[in-house]
Amino acid sequence: MLASDIVMDAFAAESAWLRASAQGGTGLHQTVAELIVHDASLRVEANAKTALTAICTGDTLKIMQAALKKLLKTPTVNTVAARRLLSDAAVEKKGYVFV
């Protein structure tokens, strides 16, 4: 279950990023992609830590956690400002922004 959640989050993040890139990589599409990638990376990190804890113990666990920390570098995104930007755009348009 944890592995499938990681794969789904990776797929969703990649899809969002590619769609934003296809739209020019700017504006609200880019903001949504950044939010999706950020949230997915946090979920992937949590699921990976849970999986490692279930699989490894002791020194092996510490080594695997260190490797995970090196591998997963969550992007720093001001999610509050990004979500406010999206909500302001929705309020201004009085509906869904991406129609």
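Above this note sits the structure.
Bear in mind that the values here come from a model prediction, so they are computed numbers and not experimental data. (Residues numbered from 1 in each chain as written. Predicted model: local features only at pLDDT ≥ 70, side-chain atom pairs only at ≥ 80, totals over all residues. Heavy atoms only, no water.)

### Digging into the nonpolar core
Working step 1: Formed by Ala48, Leu52, Cys56, Leu61 and Leu68, the largest nonpolar core amounts to five residues.
Working step 2: Those elements giving two or more residues to this core turn out to be helix H2 (27-55) and helix H3 (58-71).
Working step 3: The contacts of Cys56, once residues within four sequence positions are left out, are Leu61 and Met64. (Core = buried A, V, L, I, M, F, W, Y, C linked by side-chain atoms within 4.5 Å. Buried < 20%, exposed > 50% of the residue type's maximum accessible area, 1.4 Å probe, protein only. Helix = DSSP H or I, 4+ residues; strand = E, 2+ residues; numbered from the N terminus. Contact = heavy atoms within 4.5 Å.)

### Considerations on the packing of H2 against helix H4 (residues 79-93)
Working step 1: In contact at an axis separation of 10 Å, H2 and H4 are set at 140 degrees when each is read in the N-to-C sense. The angle between H2 and H4 places the two elements in the oblique class. Our pair here, H2 against H4, has a crossing hand that is left-handed. For the pair H2 and H4, the contacting residues are Leu28, Thr31, Val32, Leu35, His38 and Asp39 in the first and Thr79, Ala82, Arg83, Leu85, Leu86 and Ala89 in the second. (Axes fitted to C-alpha atoms, helices over the stretch in contact; angles between N-to-C directions. Parallel < 35°, antiparallel > 145°, perpendicular 65-115°, else oblique. Left-handed = near helix turned anticlockwise from the far one by under 90°.)

### Focus on H4
Working step 1: Over its 15 residues, H4 extends 21 Å from the first C-alpha to the last, a length consistent with the 21 Å expected when each residue adds 1.5 Å.
Working step 2: For H4, every residue scored as buried is listed here: Thr79, Ala82, Leu86 and Ala89. End-on, the buried residues of H4 take up no more than an arc of 95 degrees, which puts them together on one face. In H4, the exposed positions angled more than 90 degrees off the buried face are occupied by Arg84, Asp88, Val91 and Glu92.
Working step 3: Elements in contact with the buried residues of H4: H2.
Working step 4: At the exit of H4 stands Lys94, carrying a positive phi of roughly 60 degrees. (Expected span 1.5 Å × (residues − 1). Arc of directions from axis to C-beta.)

### Let's talk about unusual backbone geometry
Working step 1: Of note in the backbone geometry, Lys94 takes a positive phi value of approximately 60 degrees without being a glycine.
Working step 2: Structurally, Lys94 is set in the segment after H4.
Working step 3: Classification of Lys94 by relative accessible area gives exposed; the value is 76%.

### Description of the pattern of salt bridges
Working step 1: One pass over the full model with this rule turns up three salt bridges.
Working step 2: As a salt-bridge pair, Arg43 and Asp9 come within 2.9 Å of each other at their nearest N and O atoms. Here Arg43, found in helix H2, pairs with Asp9, found in helix H1 (residues 2-22); they are 34 residues apart in sequence, far enough to count as distant.
Working step 3: Salt-bridge contacts for Asp39 lead to Arg83; the nearest nitrogen and oxygen are separated by 2.8 Å. Of this pair, Asp39 sits in helix H2 while Arg83 sits in helix H4, and the two are 44 residues apart along the sequence.
Working step 4: By relative accessible area, Asp39 is classed as partly exposed at 22%. (Salt bridge = Lys/Arg side-chain N within 4 Å of Asp/Glu carboxyl O.)

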